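The chain contents come next:
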Amino acid sequence: MKMKPMGDQLLLKAREQKENVVNGIILTTNTPEYGYADVIAVGPGLFNPMNGFLIPMTCKVGNTVMAPTRLLSGKNGNEVVLEDQKYVLVRESEISMVSTD
């Protein structure tokens, strides 16, 4: 089944975060605030309500993005399971950085 995000949403596959472990104890105080994810699918963009023109998306499929880990964790109700794979849906405006290559 092919699915495509709507509006300015991105379908992301979060990369594994390395845990800080000392003597078998997971240190949560040094949890990074930002994480990396790969862009799997991109919505068409949003329409400008003033003139009706489409505002195109900046992110493209295959880009690597940096976003707050709270969004990439999937604990905000934004986790999606497609074909037994876990992804997260995030609005493009919530992305902090995108790869330029």
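The rules behind each value
Residues numbered from 1 in each chain as written. Predicted model: local features only at pLDDT ≥ 70, side-chain atom pairs only at ≥ 80, totals over all residues. Heavy atoms only, no water. Helix = DSSP H or I, 4+ residues; strand = E, 2+ residues; numbered from the N terminus. Contact = heavy atoms within 4.5 Å. Areas by Shrake-Rupley, 256 points an atom, 1.4 Å probe, with all protein chains shown as cover. Pairing = 2+ DSSP bridges.

*Asks:* For this particular structure, what's the right way to read the overall build of the chain?
*Replies:* Scanning the chain for helices and strands turns up one helix and ten strands. Counting from the amino terminus, helix and strand elements in the chain follow one another as β-β-β-β-β-β-β-α-β-β-β. For the chain, restricting intrachain contacts to residue pairs at least 6 apart in sequence, the fraction spanning at least 24 positions comes to 67%. When the accessible surface of the chain is totalled, it reaches about 7,400 Å², and 56% of it is carbon and sulfur.

*Asks:* When you look at the pairing of strand 1 (residues 9-14) in this model, what are you seeing that I'm missing?
*Replies:* Regular strands show a simple pattern: their side chains alternate between the two faces of the sheet. In this structure, strand 1 lies alongside strand 9 (residues 85-91), joined through four bridges in antiparallel fashion. Residue pairing for strand 9: Gln9 is matched across the bridge by Arg91. For strand 1 and strand 4 (residues 34-42), the ladder comprises five bridges, and the chain directions are antiparallel. Note on strand 4: the bridge partner recorded for Leu12 is Val39.

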